[in-house]
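# Coordinate inspection notes
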Amino acid sequence: MTTRRDAVHNTLRKSEGFRSAQDVYAEMRLHGAKIGLTTVYRALQALADGGQVDVLRTDDGESVYRACASDTHHHHLVCRRCGRTVEVAGPAVERWAEMVGTEHGFTDITHTVEVFGTCSSCSTSIRTG
Ligand SMILES: [Zn+2]
Ligand SMILES: [Zn+2]
Ligand SMILES: [Zn+2]
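Residues numbered from 1 in each chain as written. Chains lettered and ligands numbered in written order. Predicted model: local features only at pLDDT ≥ 70, side-chain atom pairs only at ≥ 80, totals over all residues. Heavy atoms only, no water.

Looking at an unreviewed UniProt entry, one finds the protein chain named Transcriptional repressor and attributed to Nonomuraea deserti. The protein chain has a UniProt comment under Subcellular location (unreviewed entry) that states "Cytoplasm". Under the Sequence similarities (unreviewed entry) heading, UniProt states for the protein chain: "Belongs to the Fur family." (UniProt positions renumbered as here; feature names shortened; annotations may be inferred.)

In C-alpha cells, the structure reads:
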C-alpha cells in the first residue's frame, strides 16, 4: 500500500529542482490524486524531518522541497545565493554527535546539520561582477 507520504515523495522525485508544496499539490491533483494541500504540507515536513527531502527557505519565506538523491542519513551544503545543494557525508559530525549525546546520558540521538555558504559559481560571478 502506498501511503500519502510515499505518493508525495514520488511526485517530488519526478520533479526537477526545488518545488513548493503548492507545486507538488497541483501536480498530484493534475494526476487525479485526492489529497489536500494541508496533507501535502505535512507529508513534506515529515519527509524533511526524516532527511528524505531537502528543504530550503526562499527569500520570501516560502519553503521549497527537493527529493534527496540518497535515502540514507546525510548533510547538505547549501548555497545562500542560488540555493544549489550538495549532499555531503560527515563522519566526524556523526562521531561527535554520538559522543556528546552519550556523555550526557542521552539515547536515541539524532541531529540535523546544514552548512551554508556561497558556491563556486556564485563567488565567481560576484568577483567578475
Ligand atoms: Zn539531501
Ligand atoms: Zn550559488
Ligand atoms: Zn549526520
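Moving on, there is more to tell.
### Brief notes about the side chain of Arg66
Structurally, Arg66 can be placed in strand β3 (residues 63-67). Here Asp54 takes part through its side chain, which lies 2.5 Å from a polar atom of the side chain of Arg66. Discounting residues that sit within four places of it in the chain, Arg66 has contacts with Leu12, Gly17, Phe18, Val53, Asp54, Thr85 and Glu87. (Helix = DSSP H or I, 4+ residues; strand = E, 2+ residues; numbered from the N terminus. Polar contact = N/O pair within 3.5 Å; in protein donor to acceptor, adjacent residues only side chain to side chain. Contact = heavy atoms within 4.5 Å.)

### Examining the side chain of Ser63
By the element assignment, Ser63 lies in strand β3. When residues no more than four places from it in sequence are discounted, the contact partners of Ser63 are Ser20, Ala21, Val55, Leu56 and Arg57.

### Side note on the coordination of the zinc ion (ligand 3)
Protein-derived coordination of the zinc ion (ligand 3) comes from His73 (NE2), His75 (NE2), Glu94 (OE), Glu94 (OE) and His111 (NE2), at a distance range of 2.0 to 2.6 Å. Site description for the zinc ion (ligand 3): donor spacing in sequence, H-x1-H-x18-E-x16-H. Accessibility expressed as a relative area gives 47% for His73, which makes it partly exposed. (Donors = N, O, S within 2.8 Å, 3.2 Å for Na, K, Ca; no water. Buried < 20%, exposed > 50% of the residue type's maximum accessible area, 1.4 Å probe, protein only.)

### Observations regarding the packing of helix α2 (residues 21-30) against helix α3 (residues 37-49)
Where α2 contacts α3, the two axes come as close as 9 Å, and the packing angle between them is 120°. As far as their axial angle goes, α3 and α2 are oblique. Pair α2 / α3 crosses with right-handed handedness. The segment α2 lies against α3, with Ala21, Gln22, Val24, Tyr25 and Met28 engaging Leu37, Val40, Tyr41 and Leu44. Per-class residue counts for the contact of α2 with α3 are 8 nonpolar, 1 polar and no charged. (Axes fitted to C-alpha atoms, helices over the stretch in contact; angles between N-to-C directions. Parallel < 35°, antiparallel > 145°, perpendicular 65-115°, else oblique. Left-handed = near helix turned anticlockwise from the far one by under 90°. Nonpolar A, V, L, I, M, F, W, Y, C, P; charged D, E, K, R; others polar.)

### Considerations on the pattern of salt bridges
All chains considered together, the criterion is met by 3 salt bridges. Here Arg19 makes a salt bridge to Asp23, at a shortest N to O gap of 3.7 Å. Across the pair Arg66 and Glu87 runs a salt bridge whose closest N-O atoms are separated by 3.9 Å. Within this pair, whereas Arg66 is found in strand β3, its partner Glu87 is found in strand β5 (residues 85-88), the two being separated by 21 residues in sequence. The exposure class of Glu87 is partly exposed, given its relative accessible area of 25%. Within the structure, one salt-bridge network assembled from shared partners comprises Asp54, Arg66 and Glu87. (Salt bridge = Lys/Arg side-chain N within 4 Å of Asp/Glu carboxyl O.)

### Quick word on the nonpolar core
A general feature of soluble globular proteins is that nonpolar side chains tend to end up buried together. Ranked by size, the top nonpolar core spans 14 residues in total, and within it Val8, Leu12, Val24, Met28, Val40, Leu44 and Val53 carry the most contacts. Broken down by secondary-structure element, the contributors of at least two residues to this core are α1 (4-14), α2, α3 and β3. In terms of residue count, α3 provides more of this core than any other element does, 5 residues in total. Filtering out sequence-adjacent residues up to four positions away, Leu12 remains in contact with Arg19, Val24, Leu44, Val53, Tyr65, Arg66 and Ala67. (Core = buried A, V, L, I, M, F, W, Y, C linked by side-chain atoms within 4.5 Å.)

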